[in-house]
Amino acid sequence: MANKILIVDDEADIRLTLRDFLELHGYEVNEADSGRAAEESFRTARPDAVLLDYLLSDSTALELLPRLKEIDPEVPLLILTAHGSIGLAVQAVKDGAEQFLTKPVALPALLVILQRLLENQRNRRKQLAGKSRQGRDAIDPFGGSSAVIRHLAAEARKILVANSPVLLQGETGTGKGVLARWLHDNGPRAEEAFVDLNCAGLSRELLETELFGHEKGAFTDAIATKVGLLEVAHGGTMFLDEMGDMDLQVQPKLLKVLEEQRFRRVGDVRDRQVALHLIVATHQDLQQLVQEKKFRLDLYFRISTIPLRLPALRERVEDIPVLARALLERLAAEVRRGDVSLAPAAERALQEYQWPGNIRELRNVLERALLLTDHQVLGPKELQFGLPVMTAGPSEGEELSLLALERRRIEQVLREEHGHIERAARRLGIPRSSLYSKIQRHRIRVSKV
């Protein structure tokens, strides 16, 4: 769809020149010869940008600017004048004009400025749409009314403005990643980047290059400079999942980042500054790992300033129906199934199960039930607990679970791609972050060959 431009000028020949030029470049043009006509056209035609002459028959651009901004503050306004001065330009920009250009205007330059302003406008709208969608799609990490989840919510809200590292502890599948994202989105760095990395199953070399980046030629496969995720997260939040699996040789380098806010790329001799908020998560007992010499004591003290424990699902049985309904609504929307609900007997069955995989397993059970039945009301018979089993094929001569087949496929692709995560993720058709999660789930050791 062509962008719509409103030309406001009381000289017909200037309007004609601008109109012909803009239409030649694919724009749709409306015209107005006065301030009154400009306001009317602005309200009815809803232009994407306005070219506004400073001196009109019934008003000036400075008088018209606030009235147009009141109608729609997002539309960029460009003022054209034959009587330009620095003071006038400063005042126009203060009042909301995007640009102040003197006549005669070089049309190619005007086109470039107009294209840039319209692109900025599109980006702002995309950002607003993304925030709106994020607000609708955001997952509540505190669903339910149990005492343990209310306590967690209260503790999390207390630390929102804190800049100290946060340690999230809890069993696999309890929602540590969801809570980390919530802390970022509701904290003072919400407008900045949120970057996550799963440390499980990553070799020292791969973890270092992912975190710190590397210089071109730092090692055999370093054919180009790579920016590390710490640099990407500068000013925002870095979330390190499964911190207990971080290689011992990488731990002191992370400690340096926390204590001195600087690091070096692999193969570089210069320090780089970085400022970010660190959130880490683990299902392991870090104190036990410290005793076993598998985790540094100084790093443990540094990252455990603010600990939050996420309860297992079996500790909040009364929350299960609420969580299940919310998950089912989201899943049904994803597969366009309309309204799907749980029978009371199904909810009781969910509460009676122990949920070793916690909320993640609950989601899997509901998704499986939703995909394998056409019923609008799901009963106990539609709920399959535990891992499904399938035959790998006659040539294999064995039965493998879905997870075992998934692990075998991931290991095969990683071997063929010599440990390159990005290439493996592309071949598997999944995001890199999803591949990291699967590597962690299957405890796959990744090494570059």
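To be clear, the structure that these remarks concern was listed above.
Residues numbered from 1 in each chain as written. Predicted model: local features only at pLDDT ≥ 70, side-chain atom pairs only at ≥ 80, totals over all residues. Heavy atoms only, no water.

With respect to the overall build of the protein
When helices and strands are tallied, the protein shows 18 helices and 18 strands. For a compact globule of 449 residues, the expected C-alpha radius of gyration is about 22 Å, and the protein comes in at 29 Å, more than 25% above that figure. The dimensions of the protein, computed from C-alpha atoms along their principal axes, are 85 × 60 × 50 Å. In the protein, which comprises 449 residues, the proportion classed as buried is 45%. Taking the intrachain contacts of the protein between residues at least 6 apart in sequence as the baseline, contacts between residues at least 24 apart amount to 69%. Approximately 23,000 Å² of the protein is accessible, and the part contributed by carbon and sulfur atoms is 51%. Taken together, the 63 basic and 66 acidic charged side chains of the protein have centroids lying 5 Å from each other. (Helix = DSSP H or I, 4+ residues; strand = E, 2+ residues; numbered from the N terminus. Rg over C-alpha atoms; globule rule 2.2 N^0.38 Å. Buried < 20%, exposed > 50% of the residue type's maximum accessible area, 1.4 Å probe, protein only. Contact = heavy atoms within 4.5 Å. Areas by Shrake-Rupley, 256 points an atom, 1.4 Å probe, with all protein chains shown as cover. Lys, Arg positive; Asp, Glu negative; His and termini not counted. Charge placed at Lys NZ, Arg CZ, Asp CG, Glu CD.)

Regarding a nonpolar patch on the surface
Together, Val335, Leu371 and Leu372 make up an exposed nonpolar region whose accessible area comes to about 300 Å². Within the secondary structure, Leu372 is located in helix H15 (residues 358-372). Classification of Leu372 as exposed rests on a relative accessible area of 62%. (Patch = residues over 30% accessible without salt bridge, like charges linked within 9 Å, V, L, I, M, F, W, Y side chains within 5 Å. Salt bridge = Lys/Arg side-chain N within 4 Å of Asp/Glu carboxyl O.)

Here we look at the sheet that holds strand S6 (residues 166-169)
Whether parallel or antiparallel, the strands of a sheet pair through hydrogen bonds between backbone atoms. Pairing is parallel in the open sheet, where 5 strands are placed in the order S7-S10-S13-S6-S14. Strand pairing shows two members of the sheet lacking a second neighbour, strand S7 (194-198) and strand S14 (306-309), which therefore form its edges. Sheet twist, expressed as the average angle between the axes of neighbouring strands with direction ignored, equals 20 degrees. In the sheet, S7 pairs with strand S10 (residues 237-241) via 5 bridges, with the strands oriented parallel. (Pairing = 2+ DSSP bridges. Axes fitted to C-alpha atoms, helices over the stretch in contact; angles between N-to-C directions.)

A few points about the sheet that holds strand S1 (residues 4-8)
Taken in spatial order, the 5 strands make up an open sheet running S2-S1-S3-S4-S5, and their pairing is parallel. Unpaired on one side and paired on the other, strand S2 (28-32) and strand S5 (99-102) mark the two borders of the sheet. Averaged over all pairs of adjacent strands, the angle between strand axes in this sheet comes to 20 degrees, irrespective of strand direction. Of the pairings in the sheet, the one linking S1 to S2 comprises 5 bridges and is parallel in character. In the strand pairing of S2, Val8 is matched with Ala32. The strands touched by helix H1 (residues 12-24) within the sheet are S1, S2, strand S3 (49-53) and strand S4 (77-81), with S2 carrying the most contacts at an inclination of about 165 degrees. Packed onto the sheet, helix H3 (residues 61-71) meets S3 and S4 and runs at close to 170 degrees relative to S4.

A word on H3
When we look at burial in H3, the residues that qualify are Ala61, Leu64, Leu65, Leu68, Lys69 and Ile71. One face of H3 carries all of its buried residues, which in axial projection span an arc of 145 degrees. Residues of H3 that are buried make contact with helix H2 (35-45), S3, S4 and helix H4 (86-94). (Arc of directions from axis to C-beta.)

Focus: the pairing of S4
Burial analysis of S4 places 5 of its 5 residues in the buried class, which makes it a mostly covered element. Side-chain alternation along S4 places Leu77, Ile79 and Thr81 on one buried face and Leu78 and Leu80 on a second face that is also buried. Bridge count for S3 against S4 is 4 bridges, and the pairing is parallel. Within the sheet, the bridge partner assigned to Leu51 lies in S4 and is Leu78. You can see the chain leave S3, run along H3 and come back into S4, and the turn it takes is right-handed. One ladder, built from 4 bridges, connects S4 with S5; its direction is parallel. Within S5, the position partnered with Thr81 by the bridge is Thr102. (Right-handed = clockwise from strand over helix to strand, strands pointing away.)

With respect to unusual backbone geometry
Backbone torsion omega between Lys103 and Pro104 reads -5 degrees, so that peptide bond is classified as cis. In this model, Arg443 sits at a positive phi of 60 degrees, which is unusual for a non-glycine residue. Its place among the elements puts Arg443 in the segment after helix H18 (432-442). You can call Arg443 partly exposed: its relative accessible area is 44%.

With respect to the nonpolar core
Leu211, Met238 and Leu240 are the most contacted members of the largest nonpolar core, which has 44 residues in total. The contact partners of Met238, leaving out residues within four places of it in the chain, are Val195, Asp196, Leu197, Leu211, Leu229, Leu230, Ala233, Leu276, His277, Leu278 and Ile279. (Core = buried A, V, L, I, M, F, W, Y, C linked by side-chain atoms within 4.5 Å.)

Some remarks on the environment of Thr225
Here Thr225 is to be found in the loop between strand S8 (213-214) and strand S9 (226-227). The exposure class of Thr225 is partly exposed, given its relative accessible area of 43%. Taking C-alpha positions, Thr225 is 7.6 Å from Gly213, a pair spaced 12 residues apart along the chain. In this structure, Thr225 is in contact with His214, Glu215, Lys216 and Arg265, ignoring residues within four places of it in sequence.

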